[in-house]
Amino acid sequence: MLSTPPPFPPQLETARLILRPPQPGDGQAINDAVRETFAALTQWMPWAKTMPTVDDTENFARDGWSRYHAQEDYPLLLYDKETGIFVGASGLHPHDWRVPKFEIGYWIRASREGQGLVTEAVNEITRFAFEAQGAQRLIIRCDSRNVRSAAVAERAGYVLEARLHNDLRDNTGALRDTLQYVRFPD
Ligand SMILES: CC(C)(COP(=O)(O)OP(=O)(O)OC[C@H]1O[C@@H](n2cnc3c(N)ncnc32)[C@H](O)[C@@H]1OP(=O)(O)O)[C@@H](O)C(=O)NCCC(=O)NCCS
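In this text, all values refer to a predicted model and were calculated from it rather than measured experimentally. (Residues numbered from 1 in each chain as written. Predicted model: local features only at pLDDT ≥ 70, side-chain atom pairs only at ≥ 80, totals over all residues. Heavy atoms only, no water.)

(A) Summary view of the site of the ligand. Close to the ligand lie 22 residues, the nearest being Glu-113, Gly-114, Val-118, Thr-119 and Arg-148. Here Gly-114 contributes a backbone N or O atom positioned 2.7 Å from an oxygen atom of the ligand. At a separation of 3.1 Å, an oxygen atom of the ligand approaches a polar backbone atom of Gly-116. Taking 950 Å² as the accessible area of the ligand by itself, protein coverage stands at 70%. (Near = heavy atom within 4 Å. Polar contact = N/O pair within 3.5 Å; in protein donor to acceptor, adjacent residues only side chain to side chain. Areas by Shrake-Rupley, 256 points an atom, 1.4 Å probe, with all protein chains shown as cover.)

Next comes the structure, spelled out in structure tokens:
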């Protein structure tokens, strides 16, 4: 059991991506990508009920920066290594440090969907969680109708653990089932 969490590194890296925590000043670039992707985000992400303002997104970035430095959470922004352009967001979200167990979330901007970037990021975050954070349990949850998200979990080696019936209401108010995927240390 971990008494204190191991330090979070300043960034993670994959073949095509830099994964780093949000920081003050990121709001505009993230907001541009949210606007580009809003139709998909509002369909699947509870936080995307309405299109946020740039100030809302800047507050999200600042809040993420604080939580990262307090080691309460590990939100991650994904940047194309070659161009430096913001392409999406993910994160390793602690649920219980005594286990330790975490949840991984993700979205990718519409213009970069279908290139394997999310699976690439999730593979690296999964490796980091097991090797550097001592994770004993990692979960990915998605709306049961979100086949693209379920495919990411499956490509990254997660297995379906449960279908949570009538788990949440989506942004239209309709009840949704949630698929819960899990991975354990090898
Ligand atoms: C869910 C979501 C993140 C999936 O993104 P994605 O781009 O499809 O996922 P990946 O990065 O794993 O890409 C997989 C696709 O890239 C293709 N691909 C291309 N190069 C690849 C590579 N090097 N490695 C893996 N896949 C590659 C795969 O064949 C697959 O193609 P397909 O769409 O024809 O099946 C995205 O649809 C999204 O952001 N949706 C809105 C928000 C959302 O639903 N988030 C999840 C909430 S739980």
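(B) A look at the nonpolar core. One finds Leu-92, Val-122 and Tyr-158 to be the most contacted residues of the largest nonpolar core, which totals 33 residues. Elements that contribute at least two residues to this core include exactly strand E2 (17-20), strand E3 (74-80), strand E4 (86-96), strand E5 (101-108), helix H3 (117-131), strand E6 (137-143), helix H4 (147-155) and strand E8 (175-183). With 14 residues, the next largest nonpolar core counts Val-34, Ala-48, Phe-86 and Trp-107 among its residues. (Core = buried A, V, L, I, M, F, W, Y, C linked by side-chain atoms within 4.5 Å. Buried < 20%, exposed > 50% of the residue type's maximum accessible area, 1.4 Å probe, protein only. Helix = DSSP H or I, 4+ residues; strand = E, 2+ residues; numbered from the N terminus.)

(C) Main features of the pairing of E3. Where burial is concerned, most of E3 is hidden: seven out of the seven residues are buried. Burial along E3 is two-sided: Tyr-74, Leu-76, Leu-78 and Asp-80 facing one way and Pro-75, Leu-77 and Tyr-79 facing the other are all buried. Pairing of E2 with E3 involves four bridges; the strand directions are antiparallel. Across the sheet, residue Ile-18 finds its bridge partner in E3, namely Tyr-79. Relative to E4, E3 is paired through six bridges, and the arrangement is antiparallel. (Pairing = 2+ DSSP bridges.)

(D) Inspection of the packing of aromatic side chains at higher detail. Inspection of the entire model under this criterion finds 10 aromatic pairs. Ring geometry for Trp-65 against Tyr-68: centres 6.3 Å apart, planes inclined by 25 degrees, an arrangement best described as stacked. Residue Trp-65 and its partner Tyr-68 are located together in helix H2 (residues 54-69), separated by three residues, close to a single helical turn. The class of Trp-65 is partly exposed, set by a relative accessible area of 31%. You can call Tyr-68 buried: its relative accessible area is 8%. (Phe/Tyr/Trp six-rings, centres within 6.5 Å; stacked < 30°, edge-to-face > 60°.)

(E) Focus on the sheet that holds E5. Reading across from one edge, E1-E2-E3-E4-E5-E6-E8-E7 is the order of the eight strands in this open sheet, with mixed pairing throughout. The sheet is open, and its two edges are formed by strand E1 (12-13) and strand E7 (159-169), each paired on a single side. Bridging between E1 and E2 involves two bridges; their strand directions are antiparallel. By the bridge assignment for E2, Glu-13 is matched with Ile-18. Strand contacts of H3: E1, E2, E3, E4, E5, E6 and E8, with the helix running at about 160 degrees to E5, the strand carrying the most contacts. (Contact = heavy atoms within 4.5 Å. Axes fitted to C-alpha atoms, helices over the stretch in contact; angles between N-to-C directions.)

(F) Summary view of the environment of Pro-6. Within the secondary structure, Pro-6 is located in the segment before E1. Spatially, the C-alpha atom of Pro-6 lies 8.7 Å from that of Gly-134, the residues being 128 residues apart in sequence. With sequence-adjacent residues up to four places away left out, Pro-6 is seen in contact with Gln-71, Ala-132 and Gln-133.

(G) Expanded view of the side chain of Ser-90. Mapped onto the secondary structure, Ser-90 falls in strand E4. There is a polar contact of 2.7 Å between the side chain of Ser-90 and the backbone oxygen of Gly-105. Not counting residues up to four positions away in its chain, the partners in contact with Ser-90 are Pro-75, Leu-76, Leu-78, Ile-104, Gly-105, Tyr-106 and Ile-125.

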